[in-house]
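# Descriptive analysis of the structure
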Amino acid sequence: MDHIRKIVQRSGNPTWQVNLRKYGLGRPQFETKEAAEAALADAIKNRGAGLNHGRRDVTFAEQAEAFLANAADALAEKTLRSYRGHLNVHVLPRFGKRRLVEINTAMIKSFLTEKRQPIPICKIVSADPKKPRTINAADFDAATMKKWPEQDAGATRKLSTTTVRLIRATLSVVFQSAVDDRIITENPVAAARSSRRSRKAKAANRVAVAGERVFTEAEQAALLSWCSERDPELHDLFFLLLRSGLRPGECRALGWCDVDFTKRKIRVDFSVSDKATFGPTKTGLGRSVDMSPALADVLRLRMLKRTKRAPVDRGEGMAELIFSNPSGTPLDDSRLRRRFDLAMDEKAITAHVLYDARHTYASTLLARCRDFVYVAAQMGHASPKTTMDHYAHLLPGVDQSYANFLDESEANWQRFGSYGRQAPKKPEMIAKTLDSI
């Protein structure tokens, strides 16, 4: 073979030399031909995985741009914007010009640690003479900037835990794409996590699920009453969210052809982004959602009163949207949120967003049926575990009389046991629908 040749040393002992210069490994020698062939096979197998000289010059910025281009069709538009934003603001200034093979886990850990630290800030004069602009103190340039007269001494700002987590996720997906492309052998971000040995570290690393803000019955009634008088379309949309658990984007993409009044089913296959583009649902899977009788009545009445509007192409055929602009296009996300904020302000309700209607649906339905599998299927969760992680804490507790067993003496317990007394009854399934809210 051209890559392996036999060399006889001065002592007379033969060795086998392997030409691995094209892989950046020189010309190692081995005592047997079998060992030389094995080394050559390993070099060929690892070609491009950080060993190929032709791929070792790929920078992080080049790989990040390639990842965003390749993921354009696979990821949601909002997710891509999030990745690009964190890359431009946080990641590329540090790693953009570095070669991928040079970046290791220690560098990643140091970078993430810095992002968790408070950052000194200062105020500078902006284009608006009445308002200052806040920047990092390290970015202040005395030659081109002028400080605002009133400064808070020692002022700092700190990135939120969620922002740092998203920065780490952005790093991870770029490096994983490099692993898939066989430019590097392993993802250095995978090992860049804090120690989990101590109790304090476990508490710090625990990912806390954000508290779901559920509308109370009084808040629902107040908002629906205001909307029925001032904004009937928002009334129907908000009622649909409360009774179906749809995401707002899925609701805006819903067409009349998706509603089956006979079977009381709603087919959910599409979602609309904040840029008014159609795409699949968040999990990429369609689902059928059951309609309560009251929801069916609201949608049926809306269909009878509707004004015919031009159908739109959702990517898989034309459909007339249930909620749309006069031209038939999807409702604008920002305008819809402003309309809902107006209703909240008029009724003096705070600390809620439109998405909280989905949390309200889940918590109400779980409290009354306790079937995580059913609720997960209705909400379009990829797994019932997702439903349990987010909403299990909202369930009412089990029968408190179980704790009474702790006061029983050992003698009585040995004498009667669990067979001598009636066990406390578990709460019965409440067979009420969401219409009783």
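Because the structure is a prediction, the values reported are computed rather than measured.

### Side note on the confidence of the model for the chain
- Scored by pLDDT, the chain has a mean of 82; 81% of the residues are at 70 or more.
- Note on residues 48-54: pLDDT under 50 across the span, and 21 contacts to partners over four residues away in sequence or across chains.
- Confidence over residues 418-434 falls short of pLDDT 50; this stretch has 24 contacts with residues more than four positions distant or in other chains.

### Describing the pattern of salt bridges
- Throughout the structure, instances matching the rule amount to 20 salt bridges.
- The residue Arg94 makes a salt bridge to Glu114 at a minimum N-O spacing of 2.3 Å. With Arg94 in helix α3 (residues 77-95) and Glu114 in helix α4 (residues 105-115), the pair connects residues that are 20 residues apart, well separated along the chain.
- For Arg94, a relative accessible area of 33% translates into the label partly exposed.
- A single network of salt bridges, built from pairs that share partners, joins Asp231, Glu233, Asp236, Arg302 and Arg339.

### Topic: the layout of surface pockets
- The volume enclosed by the second largest pocket comes to roughly 360 Å³.
- Around the second largest pocket sit 18 residues that line it, and Glu233, Asp236, Arg302, Lys305 and Arg306 are the ones nearest its centre.
- Going through the elements one at a time, α8 (232-244) and α10 (293-305) are the ones with two or more residues in the lining of the second largest pocket.
- Of the residues that constitute the lining of the second largest pocket, the class distribution is seven nonpolar, four polar and seven charged.

### Some points on the packing of aromatic side chains
- Under the counting rule described, the total for this entry stands at seven aromatic pairs.
- A centroid spacing of 6.4 Å and a plane angle of 50° characterise the contact between Phe60 and Phe95, whose relative ring orientation is tilted. In this pair, Phe60 sits in helix α2 (residues 60-70) while Phe95 sits in helix α3, placing the two residues 35 residues apart along the sequence. Phe95 carries the same exposure label as Phe60, and that label is buried.
- A centroid spacing of 5.5 Å and a plane angle of 80° characterise the contact between Phe215 and Phe238, whose relative ring orientation is edge-to-face.

### Considering the nonpolar core
- Ranked by size, the top nonpolar core spans 36 residues in total, and within it Leu223, Leu237, Phe238, Leu240, Ile266, Met291 and Leu299 carry the most contacts.
- Those elements that place two or more of their residues in this core are α7 (217-230), α8, β8 (265-268), α10 and α11 (333-346).
- For this core, the element with the highest residue contribution is α8, accounting for seven residues.
- Excluding residues that lie within four positions of it along the chain, Leu240 makes contacts with Gly245, Cys251, Leu254, Ile266, Leu295, Leu299 and Phe323.

### Re the sheet that holds strand β4 (residues 119-125)
- Spatial ordering of the open sheet is given by β5-β4-β6, a layout of three strands whose pairing is antiparallel. Single-partner strands in this sheet number two, and they are β5 (132-136) and β6 (156-157).
- Pairing of β4 with β5 involves five bridges; the strand directions are antiparallel. Directly across from Cys122, in β5, lies its bridge partner Ile135.

### Here's the deal with the sheet that holds strand β3 (residues 29-30)
- The antiparallel open sheet is built from three strands, whose spatial order is β1-β2-β3. The strands lining the two open edges of the sheet, one partner per strand, are β1 (4-8) and β3.
- Judged from the five bridges that link them, β1 and strand β2 (residues 14-18) form a sheet pairing that is antiparallel. Residue pairing across strands places Ile7 opposite Thr15, the latter belonging to β2.

### A look at the environment of Asn19
- Mapped onto the elements, Asn19 comes out in the loop between β2 and β3.
- Taking C-alpha positions, Asn19 is 6.4 Å from Ile4, a pair spaced 15 residues apart along the chain.
- Beyond its immediate sequence surroundings of up to four residues, Asn19 is in contact with His3, Gly26 and Arg27.

Reading the values: rules and limits
- Residues numbered from 1 in each chain as written.
- Predicted model: local features only at pLDDT ≥ 70, side-chain atom pairs only at ≥ 80, totals over all residues.
- Heavy atoms only, no water.
- pLDDT = per-residue confidence, 0-100.
- Contact = heavy atoms within 4.5 Å.
- Salt bridge = Lys/Arg side-chain N within 4 Å of Asp/Glu carboxyl O.
- Helix = DSSP H or I, 4+ residues; strand = E, 2+ residues; numbered from the N terminus.
- Buried < 20%, exposed > 50% of the residue type's maximum accessible area, 1.4 Å probe, protein only.
- 1 Å grid on protein atoms, 1.4 Å probe; cavity = no way out; pocket = protein on both sides within 12 Å on 5 of 7 lines; lining within 4 Å.
- Points joined across faces, edges and corners; volume = space filled by probe spheres on them.
- Nonpolar A, V, L, I, M, F, W, Y, C, P; charged D, E, K, R; others polar.
- Phe/Tyr/Trp six-rings, centres within 6.5 Å; stacked < 30°, edge-to-face > 60°.
- Core = buried A, V, L, I, M, F, W, Y, C linked by side-chain atoms within 4.5 Å.
- Pairing = 2+ DSSP bridges.

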